[in-house]
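Secondary and tertiary structure notes
Chain by chain, the residues:
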Amino acid sequence: MGDRPIVRTTGAPIRIRVRGAMAELHGLDPGKVLPHCLSFKHPEARHSRAYREGDWDGMVSLFSGRAFPAGLSQRVIDWLVQHDLRVELVELRNREPIDLSRLTPTYMVDPTKPGFELREYQLGGARAMLENVRGIAKAPTGSGKTETMAIVARYFWEELGWRTLVIEPKLGVAIQTARRFALYYGSDVAVGLFAGGHRDIGPVIVATAQTMLGFKPRTRKGSKRAVGRIVQADPLLRDVVRQYEVLIFDECHRTSSETWFDLAMQSGARRRFGLSATPIIDEDLRDARLIGATGPVIFSVPTSDLIAQGYAARPKIVMVMHENASGPELPVRFETFVRNGVRLQRRVTVPYAEAYEKAIVQNDTHNRAVIRAVAWLVEKKRQVIVLCRRKSHFLRLAELLEEAGIEFAAVWGATDVSDRDHAKRAFAQRRIPVALATTIWDEGEDIPSVEAIVLAEGVKVSTNSRQRVGRGMRPDSEDCWVVDFVPTGHPTLIEHAYRRALAYESEGYEVRVLDTWPAVGEQESGELLPFLSWDTGV
């Protein structure tokens, strides 16, 4: 395919015509262009039977005929320019100018209601979103992305009469965002909520992705009696998706998933944006889906800038890597195989899923080390959150916290929203020193007063690890102490720790590896963790 010439289909200029979510290539045979720049290797292809048996090449195409996601227009343009072809970009529905003269640092200040003065980077992020048709605003956790969204949604409504749909990843975050918007807007702009059974309409609607997926027919999942039944589209959801002029994805790194991507592609919005602390992670297919749905990064504020200006706490990360905190190496076996007539042996470890269960969830050497770190942090008067993933791990850690006599609140997926709010208030008011949570607190949740984080298990996705550290970056204290336990009993778990360390360092966080840990029942000599002597180097 790469050797065939690029053939002009007409004498007309080469144009990319953009209408809403989609773009089309005209003036060239798309089959000679789009496969080169919009086909990506699926990162999990090797696990597919079709791939292993040669029935699939592992490639995923983000185009159909001449059509492709509008956010990838620049990628197509760059490819054409590299081949000495000139191309014109035509935005068919996005010519409305917007007057930005009222967008000043005091835009959200009103003596009759709670408000705030825009920080320089918030003003820059809002301006970038109002000036562009699509794009991503990249800003660290705790930098005030909710406030930036509130500014943009209000400004579009006041200047152009455009309505905004804000998509949140979780119910608790959606409720939190809607409440904050309503607080800032007062009676000026009605804020609707589509989440948790709510269907409240307003010029600005905050919704969960899960709720909004009802905008089109879908096949029911669940009980055997219900499986396979078609659930009809909700006409109200369909109208909002198709008719609201502005679409904003909070935590937009999730837009690379099939469901979020589909929602973005079906939206009739004239403007579409994303906000995230961790949008681009250098995985070709994932990043292309994200950019296709929301556009490229149009604004970015470095974490280091916010820390230097006092708008974010300074993370200090200790990665504990010692067998006393991890337990012995998991069993291995040796397989014999023949290569070129020579009999050889290779070392075979247990599968990753089994390793995760045995080295982390069921491993009380690891779990008791986690509790020991929590107890030490509480002794140092730090407000601590402990994060894990699986329910079984969550329950075991809760048992060990109780056994250690540590007062804590426990929050997981089945916890009622009111109980979650109560736990957050008690933690923020320092009435309890520890909060144990699953992934529901990984991202988006506004949790005040976090001074220390204990990562009770090692996630393999660098996006998640940076989001988790972000829980403690709100400027409630000068620094945030983070303890990341590295299970040393399996090579894949160690590899994941290495990826996390690279992710931390890429954000400018300070990272130290602790290669000592007292055995169970052994008293530590000196301080258990090096935070108190961090800046002295002792």
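First, a word on what this report is: a plain description of the structure on this page. (Residues numbered from 1 in each chain as written. Predicted model: local features only at pLDDT ≥ 70, side-chain atom pairs only at ≥ 80, totals over all residues. Heavy atoms only, no water.)

**Topic: the environment of aspartate 234**
One can find aspartate 234 in the loop between β12 (230-231) and α8 (235-243). When the C-alpha atoms of aspartate 234 and isoleucine 494 are compared, they prove to be 46 Å apart, with 260 residues separating the residues in sequence. Beyond its immediate stretch of four places on either side in the chain, aspartate 234 contacts Arg199, Gly214 and Phe215. (Helix = DSSP H or I, 4+ residues; strand = E, 2+ residues; numbered from the N terminus. Contact = heavy atoms within 4.5 Å.)

**Looking at the packing of aromatic side chains**
Scanning the entire structure with this criterion turns up 15 aromatic pairs. Between tryptophan 481 and phenylalanine 531, the aromatic rings sit 4.8 Å apart at their centres with planes inclined by 5°, giving stacked as the arrangement. Of this pair, tryptophan 481 sits in strand β23 (residues 479-485) while phenylalanine 531 sits in the segment after β24 (510-514), and the two are 50 residues apart along the sequence. Residue tryptophan 481 is classed as buried on the basis of its relative accessible area, which comes to 5%. (Phe/Tyr/Trp six-rings, centres within 6.5 Å; stacked < 30°, edge-to-face > 60°. Buried < 20%, exposed > 50% of the residue type's maximum accessible area, 1.4 Å probe, protein only.)

**Some points on the nonpolar core**
Within the largest apolar cluster, 37 residues are counted, with the highest numbers of intra-cluster contacts made by Leu103, Met108, Tyr185 and Ile248. Breaking this core down by element, the ones donating at least two residues are α4 (120-131), α5 (145-160), α6 (171-185), β10 (204-208), β13 (246-250) and β14 (271-276). At seven residues, the largest contribution of residues to this core is made by α5. If we ignore the near neighbours within four places in the chain, the residues touching leucine 103 are Leu118, Leu123, Ala126, Arg127, Leu130, Ile151 and Tyr155. Core analysis: the second largest hydrophobic core is formed by 34 residues, Val320, Phe394, Val434 and Val483 among them. (Core = buried A, V, L, I, M, F, W, Y, C linked by side-chain atoms within 4.5 Å.)

**Digging into the packing of helix α13 (residues 364-379) against helix α14 (residues 391-403)**
Taken N-terminus to C-terminus, the directions of α13 and α14 make an angle of 55°; their axes are 10 Å apart at the nearest point. Our classification of the angle between α13 and α14 gives oblique. Pair α13 / α14 crosses with right-handed handedness. Contacts from Asp364, His366, Asn367, Arg368, Val370, Ile371 and Val374 of α13 reach α14 at His393, Arg396, Leu397, Leu400, Leu401 and Glu403. Class assignment of the residues belonging to the contact of α13 with α14 gives a composition of six nonpolar, three polar and four charged. (Axes fitted to C-alpha atoms, helices over the stretch in contact; angles between N-to-C directions. Parallel < 35°, antiparallel > 145°, perpendicular 65-115°, else oblique. Left-handed = near helix turned anticlockwise from the far one by under 90°. Nonpolar A, V, L, I, M, F, W, Y, C, P; charged D, E, K, R; others polar.)

**Section: unusual backbone geometry**
Unusually for a residue other than glycine, lysine 381 sits at a positive phi of about 65°. If you trace the backbone, lysine 381 turns up in the loop between α13 and β19 (384-387). In this structure lysine 381 comes out as exposed when scored by relative accessible area, which is 67%. Phi at arginine 430 is positive, roughly 65°, even though this residue is not glycine. Position of arginine 430 among the secondary structure elements: in the loop between α15 (417-428) and β21 (434-437).

**What to know about the environment of tryptophan 534**
With respect to the helices and strands, the residue tryptophan 534 is situated in the segment after β24. Separated by 22 residues in sequence, tryptophan 534 and arginine 512 place their C-alpha atoms 9.5 Å apart. When sequence neighbours within four positions are dropped, the list of residues in contact with tryptophan 534 reads Arg314, Lys316, Ile317, Val318, Glu510 and Arg512.

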